[in-house]
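# Close look at the chain arrangement
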Amino acid sequence: MIENFQLLQLITDCLEDGIIFVDKDYKVKLFNQNAKRITGIIFDKYASHDAGKIEEGDIVILADSAIGEDDGCLSPKDLSLINIKDSDIRANDCILGIGVYGNAEILPVYKYLRGANLNEDFVLEANYLGFQIQICIETMKKKIHIRVNGDSYSVSFLGSFGHMVIIDGKSGVIKFFQAKGYTIRKESIKEILHGRKFFSKDSKEDLNVIGEKIDDLFMGDKLLQSINSVLSGKEPFIPNDFFEINKRLVLCSMRAIEDKQGVQGVLLNIQDVSELEKLLDYRNQILMEVEKSYTNRTPIYGDISKDAFAEFIGNSHSMVQLKYLAYKASKTKFNVIITGESGTGKSLLARLIHEEYNKSSPFIEVNCNAIAPTLFESELFGYVGGAFTGALSSGRSGYFENANGGTIFLDEIGDLPLEIQVKLLYVLQNKIIYRVGSSKPIPIDVRVIAATNKNLEEEVMNGRFRQDLYFRINVFPITIPPLRERKSDLYMLINKILNKICTRYDFPQKQLSGEALDKLLRYNWPGNVRELENIIERAITLCETNWIYPEQININDFSQAATSMQEQMQEAEKKILKDALIRANGNKAQAMKDLGMSKSVFYEKLKKHAISN
């Protein structure tokens, strides 16, 4: 009898099969890594979540092939926790549903079939609170898929199964998804819906099963009876046979382990049947899984932490990319240009980049369109006493001097007069400034972050912005996407703003009714996050109860007027002409040649669209 189970654990962890040893007292003494993977004690690392529990406001997505079967004895009444209150739903029905936990105002989306015997795939697709959700029970393949914004959470089942994914209502991240081993972890749909805490799927420490009784871990009469037969000496060896372990099919052989005192335990060798099935369809199945793993996996960028730039709410691809670029910019002193529509948060991003680089150094924000044209030079570079009428006798330092050693943020840089652009270019090239009225150079060490909602390439082409300055500040460009292009982030952004404003004004926390939330989600947000904050703040002020209703959401229309086909074609033609001129550095003959247009047609188009040098 081998006594050193630690050494045996190390050895068996190298094997491809799952190995479990159960002693004569029916206690688990050995459980290798592949056995943990097959039974779901450990997880594939394509996705993870922290430990926690369901909370009010969380979005619950469920797919149950038979209510009451392998879902923790879920009942139709339990569905009311996510506002599904349909008296026609019965036990053993198949249901697909999406709802908000503990919120009776936001309507769920669901569909169900009588009985659990499906003859074809059962599918529900919905854009729910800004999340694109797909639920599918594949009857023939015995798989359930829940997809959220393209990320897939899939499980296989034998007879029936209740699968669930939970989206955190505050952050919008996936806070729970079911996977193999849910029975061992006591994470059925019913248990989770009734507040049972769930385990982390990113823990460095596995669920400890050593010393546990085998019948406390595994359900399956045939399996437990076979283990008993081996331990009792009736069958010293059971060759490969199919068993259910917690309603998952495995191929298992069992062998008695004996010494002079008799049978000391049973060694189980298990293989995942789902993996065996993959081998039967090797070419198609493996290629499909590999492709899916690449397309569905959320990109991981460098060593950026989860908390970096957390003020920018959202997990859409464009926001993940934005945070990555901002993080990279914060690690250098390159000049940065931030572009984006008004209200997207350009000044906030500039400050966060600065703070990530060196929070203790000065950060000076300059709104270029708020300075009178005659005061630009003195405001930016300062002046000496008596430099002009009204100047202080002691003189004054300018924004660049005040930002020395840190960052100067030039907001709306596209509004700088051309004569100031020349002097700004000199400062960026030579790292020195001159106060107005002085010939004494002042060396400075300042990183410039600029921002604009204008198309600077167009401004350069039209002669309103210097090309050399554009290239000097465009070292590290970052574009903030408008809110209408990241609607999947909207639900979590609304919740964040709602909680922030209630806290700021010491109001009790308020919730949006389903109709009010729908009104916000359908709007196109030309004013972006700033407009969203203003509308929510006004609604909170008007609201006398804990619920905000659509009448308190002050939006005049829900969508932008549709653009006709002709208008869209005209805009596309205008853009093509402008892009060609930019590529040709304003050389019309070259642009004309690149586009393959005659001179008369080319100039006619320029005149039509009012495009000049």
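In this report, the structure presented in the accompanying data block is examined. Everything numeric here is computed off the predicted structure, so don't read it as measured data. (Residues numbered from 1 in each chain as written. Predicted model: local features only at pLDDT ≥ 70, side-chain atom pairs only at ≥ 80, totals over all residues. Heavy atoms only, no water.)

### A look at unusual backbone geometry
So the rule is basically this: Note on conventions: DSSP H or I runs of at least 4 residues are helices, E runs of at least 2 residues are strands, and numbering of each starts at the N terminus. For every residue, the accessible area (1.4 Å probe, protein chains only) is compared with the maximum for its type, and the residue is labelled buried under 20%, exposed over 50%, or partly exposed between those bounds.
Positive phi outside glycine occurs at Tyr26, with the angle close to 65 degrees. Following the sequence through the fold, Tyr26 ends up in the loop between strand S1 (18-23) and strand S2 (28-31). We classify Tyr26 as partly exposed; its relative accessible area is 27%.

### Things to note about helix H17 (residues 528-542)
The criterion, for reference: Here the expected span of a helix is defined as 1.5 Å times the quantity of residues minus one. Along the arc lie the directions from the helix axis toward the C-beta atoms. We call two residues contacting when some pair of their heavy atoms lies within 4.5 Å.
In this model, H17 (15 residues) spans 22 Å end to end at C-alpha, consistent with the 21 Å of a helix rising 1.5 Å per residue. Every buried residue of H17 is accounted for by Asn528, Val529, Glu531, Leu532, Ile535, Ile536, Ala539 and Ile540. Each buried residue of H17 sits inside an arc of 165 degrees when the element is viewed along its axis, so together they form one side. In this structure, the buried residues of H17 make contact with helix H15 (490-504), helix H16 (514-522) and strand S23 (547-548).

### Structural notes on the sheet that holds strand S5 (residues 109-113)
Two pairing modes exist for strands in a sheet, parallel and antiparallel, and in both the strands are linked by backbone hydrogen bonds. In plain terms, the rule: For two strands to pair, DSSP has to find at least two bridges joining them. Structural elements are reduced to axes, namely lines fitted to C-alpha atoms, with helices fitted over the stretch in contact, and the angle between N-to-C directions of any two is expressed from 0 to 180 degrees.
Within the open sheet, the five strands sit side by side as S5-S4-S3-S10-S11. Their pairing is antiparallel. Strand pairing shows two members of the sheet lacking a second neighbour, S5 and strand S11 (174-177), which therefore form its edges. Direction aside, the axes of adjacent strands within the sheet are offset by 10 degrees on average. Bridge analysis of strand S3 (residues 59-64) against strand S4 (residues 94-100) gives six bridges, and the strand direction is antiparallel. If you follow Leu62 over to S4, its bridge partner there is Gly97.

### Structural notes on the packing of H15 against H16
To be explicit about the condition: If an angle is under 35 degrees, it is roughly parallel; if it is over 145, roughly antiparallel; if it lies from 65 to 115, roughly perpendicular; otherwise it is oblique. We call a crossing left-handed when the near helix sits turned anticlockwise from the far one by less than a right angle, and right-handed when that turn is clockwise. When residues are grouped by polarity, Ala, Val, Leu, Ile, Met, Phe, Trp, Tyr, Cys and Pro land in nonpolar, Asp, Glu, Lys and Arg in charged, and all others, Gly among them, in polar.
One can describe the packing of H15 onto H16 by two numbers: an axis separation of 11 Å at closest approach and a directional angle of 120 degrees. Relative to H16, H15 is oriented oblique. Here H15 runs over H16; the crossing is right-handed. Every residue of H16 that contacts H15 at Leu490, Tyr491 and Ile494 is listed here: Leu517, Leu520 and Leu521. Residue composition of the contact of H15 with H16, by class: six nonpolar, no polar and no charged.

### Let's talk about the environment of Lys29
If you trace the backbone, Lys29 turns up in strand S2. With relative accessibility at 33%, the residue Lys29 sits in the partly exposed group. Along the primary structure Lys29 and Gln9 are separated by 20 residues, whereas in three dimensions their C-alpha atoms are 9.6 Å apart.

### A closer look at the sheet that holds strand S16 (residues 363-367)
The five strands are arranged S16-S17-S20-S15-S21 in an open sheet whose pairing can be described as parallel. Across the chains shown, the open sheet's two edge strands, defined by having one partner strand only, are S16 and strand S21 (476-479). In this sheet, neighbouring strand axes are inclined to one another by 15 degrees on average, regardless of whether the strands run parallel or antiparallel. When strand S15 (residues 336-339) meets S21, the two strands line up parallel, connected through four bridges. Bridge pairing in S21 places Ile338 opposite Ile478. Here helix H8 (residues 317-330) sits on the sheet and contacts S15, strand S20 (447-452) and S21; the angle it forms with S21, its principal contact strand, is near 150 degrees. Contacts between helix H9 (residues 346-358) and the sheet are confined to S15, S16, strand S17 (407-411), S20 and S21, with S20 contributing the most and set at about 160 degrees to the helix.

### Here we look at helix H5 (residues 221-231)
All buried positions along H5 are accounted for by Leu223, Ser226, Ile227, Ser229, Val230 and Leu231. Its buried side turned inward, H5 meets S1, helix H4 (214-217), strand S12 (237-245), strand S13 (248-259) and strand S14 (262-272). In the segment just after H5, Gly233 is the residue with positive phi, at about 90 degrees.

### What to know about the packing of H15 against H17
It is at 10 Å that the axes of H15 and H17 come closest, and there the two elements cross at 50 degrees. Viewed along their axes, H15 and H17 adopt a mutual orientation that is oblique. You can see that H15 and H17 cross each other, and the crossing is right-handed. Where H15 approaches H17, its residues Leu490, Leu493, Ile494, Ile497, Leu498, Lys500, Ile501, Cys502 and Arg504 are matched on the opposing element by Val529, Leu532, Glu533, Ile536, Glu537 and Ile540. Residue composition of the contact of H15 with H17, grouped by class: eleven nonpolar, no polar and four charged.

### A few points about the packing of aromatic side chains
Operational definition: Two aromatic rings from Phe, Tyr or Trp, using only the six-membered ring of Trp, form a pair when their centres are within 6.5 Å; if the ring planes differ by under 30 degrees the pair is stacked, by over 60 it is edge-to-face, and anything between is tilted.
Using the criterion set out here, one finds twelve aromatic pairs in the structure. Taking the centre distance of 5.0 Å and the plane angle of 40 degrees together, the rings of Tyr153 and Phe177 count as tilted. Of the two residues, Tyr153 is situated in strand S9 (residues 151-156) and Phe177 in strand S11; the sequence distance between them amounts to 24 residues. By relative accessible area, which is 7% here, Tyr153 ends up buried. Phe177 gets classed as buried once you look at its relative accessible area, which sits at 3%. Between Tyr523 and Trp525, the aromatic rings sit 4.6 Å apart at their centres with planes inclined by 80 degrees, giving edge-to-face as the arrangement.

### Notes on the state of the cysteines
Quick reminder of the rule: Disulfides are defined in this document as cysteine sulfur pairs within 2.5 Å.
Under the criterion given, the structure shown has zero disulfides. With no disulfide of its own, Cys543 lies closest to Cys502 among cysteine sulfurs, the gap being 8.6 Å. A relative accessible area of 6% means that Cys543 is categorised as buried.

### What about the side chain of Asp93?
Rules: Any N or O atom pair separated by 3.5 Å or less is treated as a polar contact, with the protein-specific requirement of one donor-capable and one acceptor-capable atom, and with residues adjacent in sequence counted only for side-chain atom pairs.
Relative to the assigned elements, Asp93 resides in the loop between S3 and S4. A polar contact of 2.3 Å, which involves the side chain of Asp93, links it to the side chain of Arg114.

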